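Residue-level structural notes
As a plain string of letters, each chain reads:
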Amino acid sequence: MSNVYERLGVPTIINAKGPATRVSGAPMPAEIAAAMQEATQHCVDMAELQGRASEIIAEATGAEAGMVTAGASAGLLLGTAACLAGLDPARMNRLPDTTGMRDEVVVVRSQRNFYDHAVRAAGARLVEVGLPDRFSGAGVRDAEAWEIEDAIGERTACVFYVAQPSSRPSLSAVAEVAHDKGVPVLVDAASQLPPVGNLERFFGQGADLVSFSGGKAILGPQGSGILCGRRELVASALLQNLDQDIFFEQWRPPRALFAGLNLRGLPQHGIGRSCKVGKEQVVALLTALRLFVDEDIGARNRRCLSRLEAIAEHLAPEIACGVRIEESADGEEPLLVLDVSSRPGGPSAFDLVIALQDGSPAVHVDPSFVDEGRVVVRALCLKDDQAPVIARRVNEVLAPVRVPA
Ligand SMILES: *Cc1c(COP(=O)(O)O)cnc(C)c1O
């Protein structure tokens, strides 16, 4: 048997959806996997390793400090915990009980999503702002900066901002009103890479803490991420994440994060201890980050494009006419779009998604646009030899029913 999954009796899938968690992220580039394997063979002081990670992440992002997390979602929990507790070990010990702390997190209603569970898990209460008329079809407006300003009060721990190209109001406008009231801004930028420039961009717009996914387009371990930003906040997040089974006298805080910071004591295991990060994750993420910063994304996109073209070439002629490859001018990944809306009586886009997923081998595609009759194929997580297999499966599912003579 050829691979570890087959030996476990778990079928491998064809991932034409992209580096999503449910479909196990992306295959890891060999250089990152080699660094990860090497990291397993030695032991280090985890605080020291995260201290060095902070310097490397700071260099790549322009932030004061950073740490490797167990994913962007873990980063949101840790970042919220940092905003709630600051550097007070007693508060750290109390979370998620927020007695005596500012515990409200202000968020634009249209930015609410499944991942903000991590913010609530730290102990915070979300305070929603704005009416997203532009999404309800009733109008053009969304929350405005003055409404966020109005929602910030005595109990506000931070403003939580989900960075997407469509997010309103702008991060700069939100940060301005938050900072006027002395409140930090925590940004979920999990899937905002590439472009590589976004590593720095949100800090230029006023973010105090930014959480990135390491298991998406950076191609690091599936369960890894980056939390970076103001040094005191990252130091607090790290303190609530590291294993703290150590006497205060023994403890050697990494200088990159803790120089000049006075702690009145060492907290016990914090709320983020459940978001444990292994040395392998740290080393592999740092390797992935270095490669990502140096990578020519145009070349990556051209590799994706040639896989999508290979799929299109293998499609049956009557299907190929409903197919187009979308290339974006601004460096985003190319997409193969299968439009089945003009095939009345045939399987719907949703039928196609399900049939591909339930077939053998299972092919997972992007179902985001099935309501409009379109199925989207993404190539970042594909291997070159999978293109003809995807085309064969699509041909089989969409083949016209032949009535026997
Ligand atoms: C993927 C994603 C997350 C979670 O990232 P993980 O690294 O999987 O924890 C959080 N927020 C948004 C907006 C995401 O797209």
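Focus: the packing of helix α16 (residues 349-358) against helix α17 (residues 387-398)
At their nearest, the axes of α16 and α17 sit 10 Å apart, and the two run at 125° to each other. Overall, the two elements α16 and α17 adopt an arrangement that is oblique. Note on packing geometry: the crossing formed by α16 with α17 is right-handed. Contact residues: α16 offers L352, A355 and L356, while α17 offers R393, V394, V397 and L398. When grouped by side-chain class, the residues that make up the contact of α16 with α17 number six nonpolar, no polar and one charged.

Description of the domain arrangement of the chain
Put simply, an interface is often sized by how much accessible area is lost when its parts join up. Each assigned domain of the chain is listed here: domain 1 (26-294) and domain 2 (296-398). Look at where the C-alpha atoms of domain 1 and domain 2 centre, and you get two points 34 Å apart. Each partner contributes to the interface: domain 1 provides seven residues, whereas domain 2 provides six residues. Around 520 Å² of area is buried between domain 1 and domain 2 when both sides are counted, 66% of it from carbon and sulfur atoms. Ranking the residues of domain 1 by area buried against domain 2 places P27, P194 and L219 at the top, with a combined share of 54%. In this assembly, domain 1 and domain 2 are joined by zero salt bridges. At the boundary of domain 1 and domain 2, one finds one residue pair in polar contact (both at pLDDT 80 or more). Residues of the side of domain 1 that touches domain 2, tallied by class, amount to six nonpolar, no polar and one charged.

A short note on the site of the ligand
Taken together, T21, G71, A72, S73, Y115, D188, A190, S191, S213 and K216 form the complete shell of residues around the ligand. Interatomic distance of 2.4 Å between a side-chain N/O atom of S213 and an oxygen atom of the ligand. The side chain of K216 places a nitrogen or oxygen atom 2.8 Å from an oxygen atom of the ligand. Protein burial of the ligand: of its 390 Å² of free accessible surface, 87% is covered by the chains.

Some remarks on the side chain of N241
Position of N241 relative to the elements: it lies in the loop between α11 (231-239) and α12 (255-258). Leave out the neighbours within four places in its chain, and N241 touches Q50, M67, L78, G272, R273, C275, K276 and V277.

What about helix α3 (residues 46-61)?
Between the first and last C-alpha of α3 there are 22 Å, a value that for 16 residues agrees with the 22 Å anticipated at 1.5 Å per step. Here the buried face of α3 lies against β2 (65-69), α10 (198-204), β8 (225-229), α11, α12 and α13 (279-294). Among the residues of α3, the N-terminal cap falls to D45, whose side-chain oxygen and the backbone nitrogen of A47 are separated by 2.9 Å. Remark: G62 follows α3 within two positions and exhibits a positive phi of approximately 80°.

About the thresholds
- Residues numbered from 1 in each chain as written.
- Predicted model: local features only at pLDDT ≥ 70, side-chain atom pairs only at ≥ 80, totals over all residues.
- Heavy atoms only, no water.
- Axes fitted to C-alpha atoms, helices over the stretch in contact; angles between N-to-C directions.
- Helix = DSSP H or I, 4+ residues; strand = E, 2+ residues; numbered from the N terminus.
- Parallel < 35°, antiparallel > 145°, perpendicular 65-115°, else oblique.
- Left-handed = near helix turned anticlockwise from the far one by under 90°.
- Contact = heavy atoms within 4.5 Å.
- Nonpolar A, V, L, I, M, F, W, Y, C, P; charged D, E, K, R; others polar.
- Domains from an automatic or database assignment.
- Buried area = accessible area lost by both parts, 1.4 Å probe.
- Salt bridge = Lys/Arg side-chain N within 4 Å of Asp/Glu carboxyl O.
- Polar contact = N/O pair within 3.5 Å; in protein donor to acceptor, adjacent residues only side chain to side chain.
- Near = heavy atom within 4 Å.
- Areas by Shrake-Rupley, 256 points an atom, 1.4 Å probe, with all protein chains shown as cover.
- Expected span 1.5 Å × (residues − 1).

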